[in-house]
Amino acid sequence: QKKICNSSFSVLAAFCVLTRGDVFTHTVVTCDDLNNVDHIGCDTGVIIVHSALYGRTDSKTCSEGKAPQLLANTKCSQRGTLDVLKKRCDGKRVCELNTNVVRTSDPCPGIYKYLEVNYTCFTATRRVICENSQTYLQCDEGEVLIVYTANYGRRDHYTCSYQKPDIQIKNTNCLNPTSKIGESCNGKNSCTIKASNSVFGDPCVGTYKYLELVYKCQCK
Ligand SMILES: *[C@@H]1O[C@H](CO)[C@@H](O)[C@H](O)[C@H]1NC(C)=O
């Protein structure tokens, strides 16, 4: 639907504010099993992770068939879990999860743990700009850009892979969130963006990268 921004009528201004709130929150819990692979995803919009726990904070979650001593510690939480998930999943439509990916330490040995993720689906625009390409973001009159996430690197095999040798696309762990786009584009009606090492530095030498961008145009 089209937003109406450049109007002095207060009823239309109110309409514009209402259409901003297209936000849905979801919770996904994955029990700590070697072969458990879970997904978080959005029907519309993109994932923004806003809280995450790897550990155990109650004795009920993921408790079926487990001995009580495995559930005894309910104050167990790994540091840095949110950061790992944000780097991996923010801005994607679907994100594959497994506790192996998230585990960077054992916060409570001998306790059966789980991963709990709260995320929101933002109805925002997702753009991918392959390395050395340039793009122009443009909002309608009366609207300005707001950038939610930007990553210059590589998080999967298939994006920006056309005619690229495997050696240049095999590193899918090149996570490099950047605030540069937001700093130069937020609040502007339009913005030119170049995906290149000269702008962002080179987070993974030898890998062909891309800039992933999640943004929205909103009323001034
Ligand atoms: C996720 O959201 C629920 C409901 O608001 C909350 O009870 C829970 O503590 C949240 N989980 C984390 C890991 O913050």
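Since this is a predicted model, take the numbers as computed values, not measurements. (Residues numbered from 1 in each chain as written. Predicted model: local features only at pLDDT ≥ 70, side-chain atom pairs only at ≥ 80, totals over all residues. Heavy atoms only, no water.)

Structural notes on the site of the ligand
- With respect to spatial proximity, the complete set of residues near the ligand consists of Ser 51, Ala 52, Leu 53, Glu 116 and Asn 118.
- In the model, a nitrogen atom of the ligand is placed 2.7 Å from a nitrogen or oxygen of the Glu 116 side chain.
- Contact distances for the ligand include 2.3 Å between an oxygen atom and a side-chain N or O atom of Asn 118.
- Isolated, the ligand exposes 360 Å² of accessible area, and the fraction of that covered by the protein chains is 42%.
- It is strand β3 (residues 46-56) that provides the largest number of residues to the shell around the ligand, a total of three residues. (Near = heavy atom within 4 Å. Polar contact = N/O pair within 3.5 Å; in protein donor to acceptor, adjacent residues only side chain to side chain. Areas by Shrake-Rupley, 256 points an atom, 1.4 Å probe, with all protein chains shown as cover. Helix = DSSP H or I, 4+ residues; strand = E, 2+ residues; numbered from the N terminus.)

Quick notes on the pattern of salt bridges
- The tally for this structure, following the rule as stated, stands at eight salt bridges.
- The salt bridge partner of Glu 131 is Lys 209, with a shortest N-O separation of 3.5 Å. Of this pair, Glu 131 sits in the loop between β7 (125-130) and β8 (134-138) while Lys 209 sits in the loop between α6 (197-200) and β11 (210-219), and the two are 78 residues apart along the sequence. Each member of the pair, Glu 131 as well as Lys 209, carries the same accessibility label: buried.
- Because the salt bridges share partners, they merge into one network encompassing Arg 126, Arg 155 and Glu 212. (Salt bridge = Lys/Arg side-chain N within 4 Å of Asp/Glu carboxyl O. Buried < 20%, exposed > 50% of the residue type's maximum accessible area, 1.4 Å probe, protein only.)

Overview of the pairing of strand β5 (residues 94-97)
- Of the two faces of β5, the one holding Cys 95 and Leu 97 is buried and the one holding Val 94 and Glu 96 is not buried anywhere.
- Of the strand pairs in this sheet, strand β2 (residues 38-41) and β5 are connected by four bridges, and their pairing is antiparallel. Looking at β5, one finds that Gly 41 is bridged to Val 94. (Pairing = 2+ DSSP bridges.)

Thoughts on the layout of surface pockets
- Taken as a whole, the largest pocket spans an internal volume of roughly 400 Å³.
- Together, 19 residues line the largest pocket, and Arg 88, Lys 92, Cys 95, Glu 96 and Arg 155 are the ones closest to its centre.
- At the level of secondary structure, the elements contributing two or more residues to the lining of the largest pocket comprise α2 (81-89) and β5.
- When its residues are assigned to classes, the lining of the largest pocket shows six nonpolar, five polar and eight charged.
- When residues of the lining of the largest pocket are sorted by domain, at least three fall in each of domain 1 (19-122) and domain 2 (125-219). (1 Å grid on protein atoms, 1.4 Å probe; cavity = no way out; pocket = protein on both sides within 12 Å on 5 of 7 lines; lining within 4 Å. Points joined across faces, edges and corners; volume = space filled by probe spheres on them. Nonpolar A, V, L, I, M, F, W, Y, C, P; charged D, E, K, R; others polar. Domains from an automatic or database assignment.)

Keep in mind these values describe shape, not function.
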